[in-house]
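# A closer look at the structure
The lines below spell out each chain.
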Amino acid sequence: MTNTTNTTRFQGGVSRRAVLAGAGGLAAAATVTGFPNILRAQDKSLKVGVYGGYFKESFDKHVFPEFTKATGIAVESVAEPTGEAWLVQLEQAARARQAPADVSMMSQVAMLKGMSADLWAPLDLGKMPNTANVLPHLVNKYPDGRVAGIGAVSWFITLVTNTQSYPQAPASWAALWDPANKGKLGLMALVSNSFLLEVAAATHFGGTKHLDTEAGQLDCFKKLAELKDNVNLWYRDEAQFEAALKSGEIPMGQYYHDVTGLAVADGQPVRSTFPKEGGINDSGSWAVTRASTKLDLAHVYIDYMSQPSVQALLSRKVGTAPTIPRAKTDLTDAEFGAVSSEIAPIVPRYDMYQTKADWLNEKWTEMIVG
Amino acid sequence: MIRRPPRTLAEHAPILFPALMLIVFFVIPFGLMIAVSFFRRVQGGFYEPDFVLANYERFLSAFFGNVLSFSLMLAGLVAVVAVAIAFPFTYRLVRLPHPAQVRWLVFLLSVLSLSEVIIGFAWSTLLSRTAGITNLLVAVGLMEAPQSLSPGFGALLAGLVYQAFPYTVLVLYPALARFDFSLMEAARTLGSSPARAFFTVLVPALRNTIVGTVIMAFVFALGSYLLPQLLGRPQHWTLSVLITDQAIYQSNMPFAAAMAVFLVLVSLALVGLALILGRREGSQ
């Protein structure tokens, strides 16, 4: 880039030969002095995929500029769709040796599916000292021990209510089954994002361990079929439920703790409650597609994001829970309470969604449609 | 104008471009979809090239049969209701003075610019308990308490008909505008009532247009996958919704492709049947 600008500037009246000589000299000077940084700057950019909308906005505004300032690596953020659409796109692109994003934030089910197709480039923990902070269960590993992904952010799905319709906050997920709540619930429409099987197991069968066997899974399906009458809306579109919750049209349901917190901050009559069985703790991991040629920069990026200070920044600005132990961050009680809870969470049975994906999906669809 | 069929390459040339576009943008993608529908699904992963019938087998169950028949029934109902409203509407429209016609057509075209998402959200608000029309009914004393009408079958039908209506009017408009209304006057002078003239003169004369419009609205409603999610309950989800689920959320392309191929074949068969029946009756 330096060369081109200088060439154009010198062009008027100077012979082509002189310009070439000058440019050559400049390039030589550049290699000797401090210029290489400028020359390399154009290569030091990384395409990062984060969920589109509110998530991406917060990252663009509060996180990526800080990262560029600290490392000199420019970030080009890519809005990725939720669900597994992005995984499908990454995989199709990797087959053509293309990388629509170098690093992507992936949900746990998508991480596992990508691992089974060997989509994620193995990461070197040695190059990322800060990842030692990350909670061990949030480090994704291939069966042979190679690292496929590092916990990026974690979030909670909780029991949300409209405060005008429910002056008293419900204390347990059992409220979903309460006959008094007929026609009042909004629940997520997919088995692999609602995690209601886990909720049923934790509420009625003593824990998600009950989902180990097919008989246990069928128990939970049966239990969930009982709450169908209470459900007004099975939503795929978050905005639809959020609007209905705020207006009181659908006064109860499951929703993201972070977004509900933002609505509360806006003065909306809603609240998010961690039920006594725990909120559903889901998380996103940073993973690098095998088609990316920027694995080195990706290591720098993931290392940066795993620092306690950055994890705290994410909690404050994006509203996600840290993927490192709270004690390592400087989050205050209030700040931590806004994004998490001391109640032990319900951790989704990701293994189940990989090994029995199609069976679960079919049972689920038949359950809610039938 | 060449009256005889084209023979040389040069005479065929004008058709080459559309043919090429059709091949590139329809035949090839559809062929790929058929190919993928025979691929082998790798559970918890993606898919591998293969030739298996499992995707079609999985589809042949009572559950998917019900969903398919519901989708066809819904699309048929939407088409019939939309045309039943649009035909009399267009009949009135073409008899209006020209400036008024233009205003109506511009209005209808502007409705077309609304996205499915906006239509879905607007109807769900309109039919909601907290802000919907039942509040008006309560205000005038026709109802006891406001009620939620969405999600539900009525809401879904309303949304789909609303979306199909402008298309139906725009397709019916040219045929009705060209219609020779002196035929209606002749029927009236011969003593038939306005309703009788409408049904025995106008409707039969435009039968082919009406059948064509119904088919268009049917195909249009069959592909709808967003409104059933926004305005319907799970039992109102169409096959298109389940295809989306498989393709986007379950990354099960082979199964999604098999369902889509099946849906295309069934709707082609129904359209063909309607055309054959129409022609046979027409020739009698």
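Source: prediction; values computed, not measured. (Residues numbered from 1 in each chain as written. Chains lettered and ligands numbered in written order. Predicted model: local features only at pLDDT ≥ 70, side-chain atom pairs only at ≥ 80, totals over all residues.)

What follows deals with the overall build of chain A. On a plain count of helices and strands, chain A comes out with 16 helices and ten strands. Partitioning the intrachain contacts of chain A with sequence separation of at least 6 by distance along the chain shows that 72% fall at a separation of at least 24. (Helix = DSSP H or I, 4+ residues; strand = E, 2+ residues; numbered from the N terminus. Contact = placed C-beta atoms within 7 Å.)

Bringing the overall build of chain B into the picture now. When helices and strands are counted, chain B shows 13 helices and two strands. Its C-alpha atoms give chain B principal-axis dimensions of about 75 × 70 × 35 Å. For chain B, the residues scored as buried account for 29% of the 284 residues in total. Long-range pairs, those at least 24 residues apart, make up 67% of the contacts in chain B with a sequence separation of at least 6. (Buried ≥ 20, exposed ≤ 12 C-beta atoms within 10 Å, placed from the backbone.)

Another point: helix 16 (residues 357–369) of chain A. One turn of an α-helix holds 3.6 residues; hence residues three or four places apart share an orientation. Under the 1.5 Å per step criterion, the end-to-end length of helix 16 of chain A is 18 Å for 13 residues, consistent within 8% with the ideal 18 Å. Where helix 16 of chain A is buried, its residues meet helix 7 (191–194), strand 7 (231–235) and helix 15 (350–355) of chain A together with helix 12 (239–249) of chain B. (Expected span 1.5 Å × (residues − 1).)

Let us look at the domain arrangement of chain A. Residues and elements named next belong to chain A. Entries for chain A in the domain assignment read domain 1 (44–154 + 282–332) and domain 2 (155–280 + 345–369). Computed over C-alpha atoms only, the centres of domain 1 and domain 2 are separated by 27 Å. Contacts between the two partners involve twelve residues from domain 1, matched on the other side by twelve residues from domain 2. Looking at the side of domain 1 that touches domain 2, the elements with two or more residues in it are helix 6 (108–116), strand 5 (147–162) and strand 10 (280–288). Counting residues per element, the side of domain 1 that touches domain 2 draws most heavily on helix 6, at five residues. (Domains from an automatic or database assignment.)

This next bit is on the environment of Met21 of chain B. Residues and elements named next belong to chain B. With respect to the helices and strands, the residue Met21 is situated in helix 1 (residues 9–37). Taking the number of C-beta atoms within 10 Å as the measure of exposure, Met21 has 10 and is therefore exposed. Sequence separation between Met21 and Leu160 is 139 residues; the distance between their C-alpha atoms is 30 Å.

What follows concerns the interface of chain A and chain B. Listed per partner, the contact involves 28 residues of chain A and 22 residues of chain B. Looking at the side of chain A that touches chain B, the elements with two or more residues in it are helix 5 (85–95), helix 6, strand 7, helix 10 (238–247), helix 15 and helix 16 of chain A. Here the residues of the side of chain A that touches chain B are counted per class, giving eleven nonpolar, nine polar and eight charged. (Nonpolar A, V, L, I, M, F, W, Y, C, P; charged D, E, K, R; others polar.)

Turning our eyes to something else, we now look at the packing of helix 3 (residues 62–94) of chain B against helix 10 (residues 207–222) of chain B. Geometrically, a packed helix pair is captured by the angle between its two axes and the distance between the axes. All names here are of chain B. Running from amino to carboxyl end, helix 3 crosses helix 10 at an angle of 135 degrees, the nearest separation of the two axes being 8 Å. Regarding the angle of helix 3 to helix 10, the classification is oblique. Crossing of helix 3 over helix 10 shows right-handed handedness. Of the residues in helix 10, those touching helix 3 at Ser71, Leu74, Ala75, Gly76, Val78, Ala79, Val80, Ala82, Val83 and Phe87 are Ile210, Thr213, Val214, Ala217, Phe218, Ala221 and Leu222. Here the residues of the contact of helix 3 with helix 10 sort into 14 nonpolar, three polar and no charged. (Axes fitted to C-alpha atoms, helices over the stretch in contact; angles between N-to-C directions. Parallel < 35°, antiparallel > 145°, perpendicular 65-115°, else oblique. Left-handed = near helix turned anticlockwise from the far one by under 90°.)

Let us now look at the pairing of strand 8 (residues 252–256) of chain A. Residues and elements named next belong to chain A. Burial within strand 8 is extensive, with five of its five residues counted as buried. Summarising the sheet, strand 5 and strand 8 pair through five bridges and their orientation is antiparallel. From the neighbouring strand, Leu159 faces strand 8, where its bridge partner is Gln254. Bridge analysis of strand 6 (residues 185–188) against strand 8 gives two bridges, and the strand direction is parallel. Following the sheet pairing, Gly186 is matched in strand 8 by Gly253. (Pairing = 2+ DSSP bridges.)

This paragraph deals with the environment of Asn162 of chain A. Residue and element names in this part refer to chain A. Looking at the secondary structure, you find Asn162 in strand 5. In sequence terms Asn162 and Lys246 are 84 residues apart; their C-alpha atoms lie 6.5 Å from each other. The contact partners of Asn162, leaving out residues within four places of it in the chain, are Leu245, Gly248, Pro251, Pro269 and Val270.

Quick look at the confidence of the model for chain A now. All names here are of chain A. Counting all residues, the mean pLDDT for chain A is 86, and 88% of those residues have values of 70 or more. Predicted confidence for residues 1–22 stays below pLDDT 50, and this span has 16 contacts to residues more than four positions away or in other chains. Under a pLDDT of 50 for its full length, residues 25–39 has, in the predicted model, twelve contacts with residues more than four places off or in other chains. (pLDDT = per-residue confidence, 0-100.)

What follows deals with unusual backbone geometry. Generally, phi is negative for residues other than glycine and the peptide bonds are trans, each holding for most cases. In this structure, Pro151 of chain B follows Ser150 of chain B across a cis peptide bond, with omega equal to 0 degrees. Note on placement: Pro151 of chain B falls in the loop between helix 6 (134–139) and helix 7 (153–178). Here Arg97 of chain A, not a glycine, exhibits a phi torsion of approximately 55 degrees, which is positive. Inspection of the secondary structure assignment puts Arg97 of chain A in the loop between helix 5 and strand 3 (103–107). For Asp118 of chain A, which is not glycine, the phi dihedral falls at a positive 55 degrees. Note on placement: Asp118 of chain A falls in the loop between helix 6 and strand 4 (139–141).

This paragraph deals with the packing of helix 5 (residues 116–126) of chain B against helix 7 of chain B. Residue and element names in this part refer to chain B. Remark: helix 5 packs on helix 7, axes separated minimally by 10 Å, with the N-to-C direction vectors making an angle of 140 degrees. Our classification of the angle between helix 5 and helix 7 gives oblique. The crossing of helix 5 and helix 7 is right-handed. Residues Glu116, Ile119, Gly120, Trp123 and Ser124 of helix 5 touch helix 7, and the partners they reach there are Ala155, Ala158, Gly159, Tyr162 and Gln163. Partitioned by chemical class, the residues of the contact of helix 5 with helix 7 number five nonpolar, four polar and one charged.

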